[in-house]
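Per-entry structural report
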Amino acid sequence: MSDPLAVLEDLRSESAELDLIVSELSEERWALATPAPRWSVAHQIAHLAWTDHSALLAVTDADAFAALVRDALAAPDRFVDDGADAGAALPPAELLARWRAGREELLTALIAAPAGTRFPWYGPPMSAASMATGRLMETWAHGQDVADALAVVRKPTDRLRHVARIGVRARDFAFSARGLTPPTEEFRVELTAPSGGLWTYGPEGAAQRVTGSGLDFCLLVTQRAHRDDVDVRADGPDADRWLDIAQAFAGPPGAGRPAKGATE
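Presented here is an overview of the structure given in this document. None of the values given here were measured: they were computed from a predicted structure.

Secondary structure assignment for the chain yields eleven helices and six strands. Computed over C-alpha atoms, the radius of gyration of the chain comes to 18 Å, within 12% of the 18 Å expected from 2.2 N^0.38 for 264 residues, which places it in the range of a compact globule. By its C-alpha atoms, the chain is 50 × 45 × 40 Å across when sized along the principal axes. Here the chain holds 264 residues, and the buried ones make up 48% of them.

See below:
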């Protein structure tokens, strides 16, 4: 990530696209359930606003962010839901205004950050570009939950390259998060971008490979689609196992989405 301004502009565009989806919703539609258990459309936007605020504190006020980390450690099973619940209780217009203001403050702070600076986070410290990439991934993934709740079909863009890159880089974390030993060898990953180009990762001659749709890979690693429902293929036993457990996000493994047509 040598050019943080590029990912920052992509983050701005990704946020604006989601903003267009929710900006004219009625109060009733803000309350619609999304695929995330207990979370409405309002919860999804509230979570983004809450996480943007956390990121802003990480960039601008390390002591205040350290207090957030202490709160998270004190209630590891509740702190994310508590933040979403608090925001979702606001009137939609107030929540929307808070999300808009907060994400712009964060972008301004990241743009102004001195080159090479690393900021504290809930996991390892992050550069401005990495922080922006993580925010873009979350904005896109939670935006997918919103789109699914509203039956909106979003047109994929090549901004997804940031999400795909996180998913590839998080391979070993996905194994470790489940108490599994990560593979010692690199995989070759070849994904078709929405524009028709090819995104490639890992050595070309690797014995184990993952290939398929870039969009579907992003849906898989953000756990917004079940493996049975995506055009992503594995060649090799470790690569095959990875596709069952892949996650691009920090924290404990998620339950993911059930396969389409699966019965409860």
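Now that the structure has been shown, we can carry on.
When strand β3 (residues 188-192) meets strand β5 (residues 209-213), the two strands line up parallel, connected through five bridges. By the bridge assignment for β5, Val189 is matched with Val210. Here four bridges tie β5 to strand β6 (residues 232-235), and the two strands are oriented antiparallel to one another. What sits directly across from Arg209, in β6, is Asp235.

Taken across its five residues, β3 has four buried, putting it largely inside the fold. Note that β3 and strand β4 (residues 198-201) share four bridges and pair antiparallel. Counterpart to Val189 in the pairing with β4 is Tyr201. Here β3 folds back onto β4 in antiparallel fashion, the turn holding five residues, of which Gly196 has a positive phi close to 105°.

The end-to-end C-alpha separation of helix α3 (residues 41-60) is 29 Å, in line with the 28 Å expected for 20 residues at 1.5 Å each. Within α3, 17 of the 20 residues are buried, which leaves it mostly tucked inside the rest of the structure.

So, on to unusual backbone geometry. Across residues other than glycine, the phi torsion is negative in most instances, and most of the peptide bonds are trans. A positive phi angle is found at Ala151, which is not glycine, with a value near 60°. In this fold, Ala151 is placed in the loop between α7 (128-150) and α8 (160-169). Even without being glycine, Gln223 reaches a positive phi, approximately 55°. Among the secondary structure elements, Gln223 is positioned in the loop between α10 (214-221) and β6.

What follows covers the pattern of salt bridges. As enumerated under the stated definition, the model contains 23 salt bridges in all. As a salt-bridge pair, Arg38 and Asp81 come within 3.9 Å of each other at their nearest N and O atoms. With Arg38 in the loop between α2 (27-30) and α3 and Asp81 in helix α5 (residues 79-88), this pair connects stretches of sequence that are 43 residues apart. The class for Asp81 is partly exposed, based on a relative accessible area of 28%. A salt bridge links Glu190 to Arg209, with the nearest nitrogen and oxygen atoms 2.8 Å apart. On the criterion of sequence distance, the pair formed by Glu190 in strand β3 and Arg209 in strand β5 is long-range, its members being 19 residues apart. Take Arg209: its relative accessible area is 22%, and that puts it in the partly exposed class. Residues joined in a network through salt bridges with shared partners are Glu14, Glu17, Arg154 and Arg159.

Rules of the game
What you see as residue numbers is a count from 1 along each chain, following the sequence as written. Only residues with pLDDT of 70 or above have their local features reported here, since the model is predicted, and side-chain atom pairs are shown and tallied only from 80 upward, although totals for entire chains, interfaces and linings are computed over all residues. As a rule here, side-chain values come from all non-hydrogen atoms in the structure, and water together with hydrogens is ignored. Starting at the N terminus, helices and strands are each numbered in turn, a helix being any DSSP run of H or I of at least four residues and a strand any DSSP run of E of at least two. To get the radius of gyration, use the C-alpha atoms; to get the globule rule, take the number of residues to the power 0.38 and multiply by 2.2 Å. Relative accessibility under 20% of the residue-type maximum defines a buried residue, over 50% an exposed one, and the middle range a partly exposed one, all with a 1.4 Å probe and only protein chains included. For two strands to pair, DSSP has to find at least two bridges joining them. Under the convention used throughout, the expected extent of a helix is 1.5 Å for every residue step, that is, one less than its residue count. Note on definitions: salt bridges are taken to be side-chain nitrogens of Lys or Arg within 4 Å of carboxyl oxygens of Asp or Glu.

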